[in-house]
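# Analysis of the macromolecular model
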Amino acid sequence: MRYGDIVAAEFIERPNRFIAYVNLYGERTKVHVKNTGRCGELLRDHAKVYLEKNDSESRSTAYDLVAVDKDGRLVNMDSNAPNQVAGEWLRAGGLYSDVSLVKPETTFGNSRFDFYVESTSGKKAFVEVKGVTLERKGAAAFPDAPSERALKHVEELIEARRLGYEAYLLFVIQMKGVSFVEPNMDTQPAFGEALKRARRAGVRLLAYDCLVREDGLEMDAPVPVILDCLDRIAAPLLAWYDNGRRILPWREDPTPYHVWISEIMLQQTRVEAVKPYYDRFLQALPDIESLAATDDEKLLKLWEGLGYYNRARNLKKAAQILVSEYGGQMPDEYEKILSLPGIGSYTAGAIASIAFGKPHPAVDGNVLRILSRLRADDRDILQANVKKSVEEELLDVMPADRPGDFNQALMELGAMVCIPNGAPKCDLCPWNRLCLARAEGRTAELPQKAKKKPRSVEEKTILVIQDGERIVLRKRPEKGLLAGMYEFPSMEGYCSEERALAYLRKLGFSPLRIRKLPPAKHVFTHKEWHMKGYLVRVDELAGKGEGQGMQGFVFVDPGKTRTDYPIPSAFAVYAEQAEMIRYPKNKKNIRNR
């Protein structure tokens, strides 16, 4: 767009929104201000301004103030200009290359949008234009004053999108030299929150800077719209990840099955601990069909030591569903993945993004921690609504071309840099210039978590019973804690040797001698087992063969406790003692397997 007769002047004062006084040709002259916003940071004492002469005889001012020189850079202040240059841009094919209709000032619901646009290919869109003149530290911000009208327009754009129209909010930045545009949260935080809702609803947020001349304005280059510091995290995070990511077997061959198994194993378990389990599991069960068909005890034995054994049981249940309903293949749709047993939003997001390239977040405690620190977010990360909010916000900023790498980079950052225990390694963090917790010295305070209820403590006496050849095990119930696993016989509470021997005689055993074993402790999510143990030598185990027993007990070769019988890691100390009964000379080798 071009202006007509332009003259330069010097700003003196602005008594109200519509009027300013300038020094024009050495005289104090009243002029009309076309931008009714505050613009206090632009109209400063002695600022050089540019005026357009108007020809209206009915007005008390002969000039309109249309631009100002801010530290050697021209900023357009004409509130009518953004719509004019946006109209030119739309008609020139800026939005649709096959544009067929550009209609200004079109009513929709209770609002009037700046433009309605159609294309020959059938697209229909409403476009609302917002001129931006406020700049802070190289970033443009809108609005410069609270605007209920702007808020209403955003809500109406959301409604237009819901009804099937394309909807655009177009920021026309009336200057050059800004790196991005952001909502002015200091002036009107409700507008920033509305923009987040709009983007989530499918409203496109566009911004362009402008070439500003004394006599005209022209839309020029696209500028990022930043609603939150999350909008700025992807590029540095992916560059950091590409430069030094760990080489992990499931990353190098990210088939859906491999991603699924690894993610389930990695829940509550360190990466280095998972690696040998992952390799052993895939050797025994290389695909979904073999997992679905495996024997429960074999599955639990493969899982032995990883803990949280329902994870393994749910793997098999899900595999059976995949075989019966999906031909033995993992579906590529997030909702179908999420419906499988044992798969929550985190695992479903990981599989969908890493294996299938679908943009779905994978938010766990690591991700919640690093984002809490990044934003100095004081919300309790254990609250379900906080996790849901973070998932929605990450979905807005995930790079469409690398969603899997983005999720894995977040995981990597939480594991290697922004660690849960100990001080975060801020000097190595790709976000160290963005992180508010670091800037505020609050990394040790975050994230916030509600205190958990103390775990209950159960005291137990574990009995490792053996004759000359075999030991005694008992299978736990098929439901409940450690369901279907094998354990050593036990007694509630800390029992004396005399009481333990009396208990065994009552069961029908013939104890010959007894000695103490090392104490042990195992921590579950909601309880702790504090254990003391005895090694009890008994007379021949009733002449029964392998796997046979009495009163629910089974008699087994001690060596097979490592290969055939799944024993929870809670009993690791006592399982090791059982193996050493049979192979005392190989104690060192057995421990180091």
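Residues numbered from 1 in each chain as written. Predicted model: local features only at pLDDT ≥ 70, side-chain atom pairs only at ≥ 80, totals over all residues. Heavy atoms only, no water.

Looking now at the side chain of Asn407. For Asn407, the location among the structural elements is in helix α15 (residues 403-416). Those residues in contact with Asn407 that lie beyond four places of it in its chain are Gly349, Ser353, His360, Pro361, Ala362 and Met398. (Helix = DSSP H or I, 4+ residues; strand = E, 2+ residues; numbered from the N terminus. Contact = heavy atoms within 4.5 Å.)

So, on to the layout of surface pockets. Of the voids in this model, the largest pocket is the one considered here, and its volume is about 1,800 Å³. Around the largest pocket sit 49 residues that line it, and Leu266, Gln268, Asp364, Gly365 and Asn366 are the ones nearest its centre. Every element with two or more residues in the lining of the largest pocket is listed here: α5 (249-252), α6 (256-266), α7 (271-284), α12 (345-356), α13 (365-374) and α15. Looking at the lining of the largest pocket residue by residue, the classes come out as 20 nonpolar, 15 polar and 14 charged. (1 Å grid on protein atoms, 1.4 Å probe; cavity = no way out; pocket = protein on both sides within 12 Å on 5 of 7 lines; lining within 4 Å. Points joined across faces, edges and corners; volume = space filled by probe spheres on them. Nonpolar A, V, L, I, M, F, W, Y, C, P; charged D, E, K, R; others polar.)

What follows covers the packing of aromatic side chains. Using the criterion set out here, one finds 17 aromatic pairs in the structure. Aromatic pair Phe108 and Phe113: ring centres 5.7 Å apart, planes at 25 degrees, arrangement stacked. Judged by its relative accessible area of 10%, Phe108 falls in the buried class. Given the relative accessible area of 0%, Phe113 is considered buried. Ring geometry for Phe108 and Phe126: centres 5.1 Å apart, planes at 50 degrees, overall tilted. Taken together, the residues span a long stretch of sequence, with Phe108 in strand β7 (residues 99-108) and Phe126 in strand β9 (residues 124-132) at a distance of 18 residues. The exposure class assigned to Phe126 is buried, which follows from its relative accessible area of 4%. In this structure an aromatic cluster arises from ring pairing among Phe108, Phe113, Tyr116, Phe126 and Tyr165. Its end group placed over the ring of Tyr21, Arg28 keeps NZ or CZ at 4.2 Å from the ring centre. (Phe/Tyr/Trp six-rings, centres within 6.5 Å; stacked < 30°, edge-to-face > 60°. Buried < 20%, exposed > 50% of the residue type's maximum accessible area, 1.4 Å probe, protein only. Lys NZ or Arg CZ within 6 Å of the ring centre and 35° of its normal.)

In this section: helix α2 (residues 148-162). Compared with an ideal rise of 1.5 Å per residue, which puts 15 residues at 21 Å, α2 spans 21 Å between its outermost C-alpha atoms and is within 8% of the ideal. Elements in contact with the buried residues of α2: β7, β8 (111-119), β9, β11 (139-142), β12 (166-173) and α3 (189-201). (Expected span 1.5 Å × (residues − 1).)

Bringing the sheet that holds strand β10 (residues 134-136) into the picture now. As summarised here, the arrangement of the 3 strands in space is β10-β11-β13, forming an open sheet in which the pairing is mixed. Strands with a single pairing partner mark the edges of an open sheet, and in this sheet they are β10 and β13 (180-183). Ignoring strand direction, the axes of neighbouring strands in this sheet form an average angle of 40 degrees. Of the pairings in the sheet, the one linking β11 to β13 comprises 4 bridges and is parallel in character. Residue pairing for β13: Ala139 is matched across the bridge by Phe180. (Pairing = 2+ DSSP bridges. Axes fitted to C-alpha atoms, helices over the stretch in contact; angles between N-to-C directions.)

Before going further, it helps to examine the nonpolar core. Formed by 65 residues in total, the largest nonpolar core has its most connected members in Trp260, Phe281, Leu291 and Phe488. Listed in part, the 49 residues of the second largest apolar core include Val75, Ile158, Ala167 and Leu205. (Core = buried A, V, L, I, M, F, W, Y, C linked by side-chain atoms within 4.5 Å.)

The next point concerns the environment of Asp253. You can see Asp253 is positioned in the loop between α5 and α6. When its relative accessible area of 38% is taken as the criterion, Asp253 is described as partly exposed. With 278 residues separating them in the primary sequence, Asp253 and Met531 have C-alpha atoms 42 Å apart.

Let's shift gears to empty space enclosed by the protein. One simple way to see leftover space: roll a probe sized like a water molecule over the atoms. Applying the stated criterion across every chain, the model contains 3 cavities of 30 Å³ or more. Approximately 110 Å³ is the volume attributed to the largest cavity. Around the largest cavity sit 15 residues that line it, and Arg373, Cys418, Cys426, Cys429 and Cys435 are the ones nearest its centre. For the lining of the largest cavity, the element with the most residues is α13, which contributes 3 residues. Its volume calculated, the second largest cavity comes out at about 50 Å³. What lines the second largest cavity is simply Lys196, Arg199, Arg200, Asp228, Leu230, Arg375, Glu393, Asp396 and Val397. For the lining of the second largest cavity, the elements supplying multiple residues, two or more each, are α3 and α14 (384-397). A breakdown of the residues in the lining of the second largest cavity according to their chemical character gives 2 nonpolar, no polar and 7 charged.

The subject of this paragraph is the pairing of β12. With 7 of 8 residues buried, β12 lies mostly within the body of the structure. With 8 bridges connecting them, β9 and β12 associate as parallel partners. Among the inter-strand pairings, Val127 is bridged to a residue of β12, identified as Tyr168. Here 6 bridges tie β12 to strand β14 (residues 204-213), and the two strands are oriented parallel to one another. For Ile173, the partnering residue across the bridge sits in β14 and is Asp209.

All right, on to the confidence of the model for the chain then. Mean pLDDT over the chain stands at 92; residues scoring 70 or higher make up 96%. Long-range and interchain partners of residues 582-593, a stretch whose pLDDT sits below 50, account for 11 contacts in this model, where long-range means more than four residues apart. (pLDDT = per-residue confidence, 0-100.)

Here we come to the packing of α3 against α14. Contact pair α3 / α14: the axes reach a minimum separation of 10 Å and the direction vectors enclose 70 degrees. The angle between α3 and α14 falls in the class roughly perpendicular. Two packed elements cross with a definite hand, and for α3 against α14 that hand is left-handed. Each of Lys196, Arg199 and Arg200 in α3 lies in contact with α14, whose residues at this interface are Glu392, Glu393, Asp396 and Val397. Its residues assigned to classes, the contact of α3 with α14 shows 1 nonpolar, no polar and 6 charged. (Parallel < 35°, antiparallel > 145°, perpendicular 65-115°, else oblique. Left-handed = near helix turned anticlockwise from the far one by under 90°.)

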